[in-house]
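# Topology and contacts: notes
So you can see what is in the structure, the chains are spelled out below.
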Protein chains: 2
Amino acid sequence: MVRWEPGTRERLRAAALELFASRGFDETTAADIAARAGVTERTFFRHYADKRDVLFLGEDEFVGSFTAGIAAAPADATAMELVAAALRSGASYFADERRASSRDRQAVIEANGALLEREHHKAAALGEALGTALRTHGVAEPSATLAAQVCATVFHISFQQWIADGETRSLDEIERSVLADFATLSRA
Amino acid sequence: MVRWEPGTRERLRAAALELFASRGFDETTAADIAARAGVTERTFFRHYADKRDVLFLGEDEFVGSFTAGIAAAPADATAMELVAAALRSGASYFADERRASSRDRQAVIEANGALLEREHHKAAALGEALGTALRTHGVAEPSATLAAQVCATVFHISFQQWIADGETRSLDEIERSVLADFATLSRA
């Protein structure tokens, strides 16, 4: 029977982020991460497929946290109301206790071209999933794709602000402010 | 003295697109492309750094075709007017004689995960360059980033439509229609 020590996965993730930040992603091995977390390499591979997986695991859950908001919205919601619902719902994935580790993860990704390409791919996947959720909810094209990209963009701008030094507002609060800016912009 | 036969680069590109489509990108070598185009491998490498370069060369020119529209716009243009200017200017890069080869290129890219990641990276680069051009023109944040992403999204939706089977409208015409949909969406 495999024993799952509670918190092992999180400890491995914290160890990985520390090593990626100090040594660089390319210079860190799975064995290094396991050693730093005080577990065997085998234990590392029970939790993650490889070291990149530490940074990108949970992508379905991440995307699902947004699309769930659209699925749960009233049938007569407008496209922009669905965007707001997706943002509110997605913000629940980024509770304040996640802020420090999100900031560390972002710094690692921005320092590595290949990781950045992967992150852009993830951003594109979010946009596509939002488009699908909006079409399923009855929004026609091209409005569904436009609204999906507005939603993804508001999220990305807000997320960057959320992890900025000294920022204390919640992600939800920042998103409301960016959405208000968007309304002003598109009316001008 | 190196002789540049006019059209060699285009012939290599056409040969590459044919081979990528029929055999797959991974199964095609630079030597295959050169042979198909009736030139030496050395000639291939005078025109392209590698086979991926055939698909992604001209990225600066592509991005510059959009940002030039912003740079040339009146100082008092609104953010959405700058978006429209960038789209008009960018559309000039995609003249109708480019449509067939753009369609072939897209099919090759969508069939290959690594190329698709690279293409998403290129899309992100367009968005970032547009954001910089808008800020330089005096648009404040977060409006500059929002407007840049709206611009990139309207372009991508319109481009997909432009290369759709049976579509005959110019890219510029399609973009105007998508921008009008955007205005309706954001007012609702």
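Residues numbered from 1 in each chain as written. Chains lettered and ligands numbered in written order. Predicted model: local features only at pLDDT ≥ 70, side-chain atom pairs only at ≥ 80, totals over all residues. Heavy atoms only, no water.

## Overview of the relation of the copies chain B and chain A
Rules: Our superposition of the copies is a least-squares fit, built on the C-alpha atoms of residues whose pLDDT is at least 70 in both. The criterion used for residue contact is that any of the two residues' heavy atoms lie within 4.5 Å.
Between chain B and chain A, the superposition needs a rotation of 180 degrees and an axial shift of 0.0 Å, giving an RMSD of 0.0 Å. The superposition operator between the copies reduces to a two-fold rotation axis. A shared interface surface links the copies, since 100% of the contact residues of chain B are contact residues in chain A too.

## Digging into the environment of Gln161(A)
Residues and elements named next belong to chain A. Just so we agree on the cut-off: By definition, any uninterrupted DSSP run of H or I lasting at least four residues is a helix, any uninterrupted run of E lasting at least two residues is a strand, and each is numbered from the N terminus. As used in this structure description, the phrase polar contact means that two N or O atoms lie within 3.5 Å; if the pair is within protein, one of them must be able to donate a hydrogen and the other to accept it, and residues adjacent in sequence are counted only when both atoms belong to side chains.
Relative to the helices and strands, Gln161 is located in helix H9 (residues 143-162). Considered as a pair, Gln161 and Tyr48 are 113 residues apart in the sequence and their alpha carbons are 29 Å apart. The contact partners of Gln161, leaving out residues within four places of it in the chain, are Glu167, Arg169 and Ile174. In terms of polar contacts, Gln161 uses its side chain to reach the side chain of Glu167, at 2.7 Å.

## Overview of the packing of helix H7 (residues 99-110) of chain B against helix H9 (residues 143-162) of chain B
Residues and elements named next belong to chain B. Short version of the rule: Lines are fitted to the C-alpha atoms to define the axes, a helix being fitted only along its stretch in contact, and any angle between axes, read from their N-to-C directions, falls within 0 to 180 degrees. An angle below 35 degrees is read as roughly parallel, one above 145 as roughly antiparallel, one from 65 to 115 as roughly perpendicular, and any other as oblique.
Their axes nearest at 10 Å, the elements H7 and H9 cross at an angle of 105 degrees. When the interaxial angle is binned, H7 and H9 end up roughly perpendicular. In contact with Arg99, Ser102, Arg103, Gln106 and Glu110 of H7, H9 contributes Phe159, Gln160 and Trp162.

## Side note on the pattern of salt bridges
All names here are of chain A. The cut-off we apply is this: Salt bridges are defined by distance alone: a side-chain nitrogen of Lys or Arg within 4 Å of a carboxyl oxygen of Asp or Glu. Buried means the residue's accessible area, taken with a 1.4 Å probe over protein chains only, is under 20% of the maximum for its type, while exposed means over 50%, and partly exposed covers the values in between.
Per the stated rule, a full pass over the model turns up 16 salt bridges over all chains. The shortest N-O distance in the salt bridge between Glu167 and Arg169 comes to 2.8 Å. Given the relative accessible area of 12%, Glu167 is considered buried. For Arg169, a relative accessible area of 29% corresponds to the partly exposed category.

## Digging into the state of the cysteines
Defined as follows: Throughout, a disulfide means two cysteine sulfur atoms within 2.5 Å of one another.
Taken as a whole and assessed by the stated rule, the structure comprises zero disulfides over all chains. No disulfide involves Cys151(A); its sulfur sits 20 Å from the nearest other cysteine sulfur, which is in Cys151(B). Judged by its relative accessible area of 2%, Cys151(A) falls in the buried class.

## Here we look at the side chain of Asn112(A)
Residue and element names in this part refer to chain A. Looking at the element boundaries, Asn112 is found in the loop between helix H7 (99-110) and helix H8 (113-136). From its side chain, Asn112 meets the backbone nitrogen of Ala114 in a polar contact 3.0 Å long. Here Leu115 takes part through its backbone nitrogen, which lies 3.1 Å from a polar atom of the side chain of Asn112. If we skip the residues at most four places from it in the chain, Asn112 touches Phe25 and Asp26.

## Some points on the packing of aromatic side chains
Just so we agree on the cut-off: Centres within 6.5 Å are what make two rings of Phe, Tyr or Trp a pair, Trp counting through its six-membered ring; a difference in plane orientation under 30 degrees is then read as stacked, over 60 as edge-to-face, and the rest as tilted. By definition here, charges over rings are those cases where NZ of Lys or CZ of Arg is within 6 Å of the ring centre and within 35 degrees of the ring normal.
Evaluation of the coordinates by the stated rule reveals 29 aromatic pairs over all chains. Seen from their ring centres, Phe62(A) and Phe66(A) are 5.5 Å apart, and the 75 degrees between their planes marks the pair as edge-to-face. Of this pair, Phe62(A) and Phe66(A) are both found in helix H5 (residues 59-71), four residues apart, which corresponds to roughly one turn of the helix. Phe62(A) sits in the buried class, given a relative accessible area of 4%. The exposure class assigned to Phe66(A) is buried, which follows from its relative accessible area of 0%. A ring pair is formed by Phe66(A) and Phe155(A), whose centres lie 5.0 Å apart and whose planes are at 80 degrees; its orientation type is edge-to-face. Residue Phe66(A) is located in helix H5, and its partner Phe155(A) is located in helix H9; the two are separated by 89 residues in the primary sequence. Neither residue differs from the other here; Phe66(A) and Phe155(A) are each classed as buried. One aromatic cluster is present, built from ring pairs that chain together Phe62(A), Phe66(A), Tyr93(A), Phe94(A), Phe155(A), Phe159(A) and Trp162(A). Directly above the ring of Phe56(B) sits Arg118(B), whose terminal nitrogen or CZ lies 4.8 Å from the centroid.

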